[in-house]
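Okay, here's what each chain looks like letter by letter:
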Amino acid sequence: MVSAKVFEELIELLEGKQGRVHTAACFRPTAERLSDIADNGQELLQNATDKDLAEFTE
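Cut-off values and rules
- Residues numbered from 1 in each chain as written.
- Predicted model: local features only at pLDDT ≥ 70, side-chain atom pairs only at ≥ 80, totals over all residues.
- Heavy atoms only, no water.
- Helix = DSSP H or I, 4+ residues; strand = E, 2+ residues; numbered from the N terminus.
- Buried < 20%, exposed > 50% of the residue type's maximum accessible area, 1.4 Å probe, protein only.
- Areas by Shrake-Rupley, 256 points an atom, 1.4 Å probe, with all protein chains shown as cover.
- pLDDT = per-residue confidence, 0-100.
- Patch = residues over 30% accessible without salt bridge, like charges linked within 9 Å, V, L, I, M, F, W, Y side chains within 5 Å.
- Salt bridge = Lys/Arg side-chain N within 4 Å of Asp/Glu carboxyl O.
- Lys, Arg positive; Asp, Glu negative; His and termini not counted.
- Charge placed at Lys NZ, Arg CZ, Asp CG, Glu CD.

**A few points about the overall build of the protein**
In terms of helices and strands, the protein carries three helices and zero strands. Scanning the protein from its N terminus toward the C terminus, one meets helices and strands in the order α-α-α. Buried positions account for 3% of the 58 residues belonging to the protein. Accessible area of the protein: about 5700 Å², with a carbon and sulfur share of 54%.

Dropping the structure here:
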């Protein structure tokens, strides 16, 4: 998974390579999708162990 900023930068790079300016891509989830993301994050935090919270993954 990549951040919205990285995703948009990748799309811009691809557009530059292809010579197209008509492609539009950005991270703009619906309210329902944002709610699902928040619910999933809450569940993950509630079920996380101390070990999970001590590890860092980029």
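We are not done yet, so read on.
**Notes on the confidence of the model for the protein**
Close reading of the predicted structure is inappropriate where its pLDDT is low. Per-residue pLDDT for the protein has a mean of 82; in total, 86% of the residues score no lower than 70. Ranking the helices and strands of the protein by mean pLDDT puts helix 2 (residues 31-47) first, with 92, and helix 1 (residues 4-18) last, with 82.

**A short note on a negative patch on the surface**
A cluster of acidic side chains, namely Glu32, Asp36, Asp39 and Glu43, defines a negative patch on the protein surface. With respect to the helices and strands, Glu43 occurs in helix 2.

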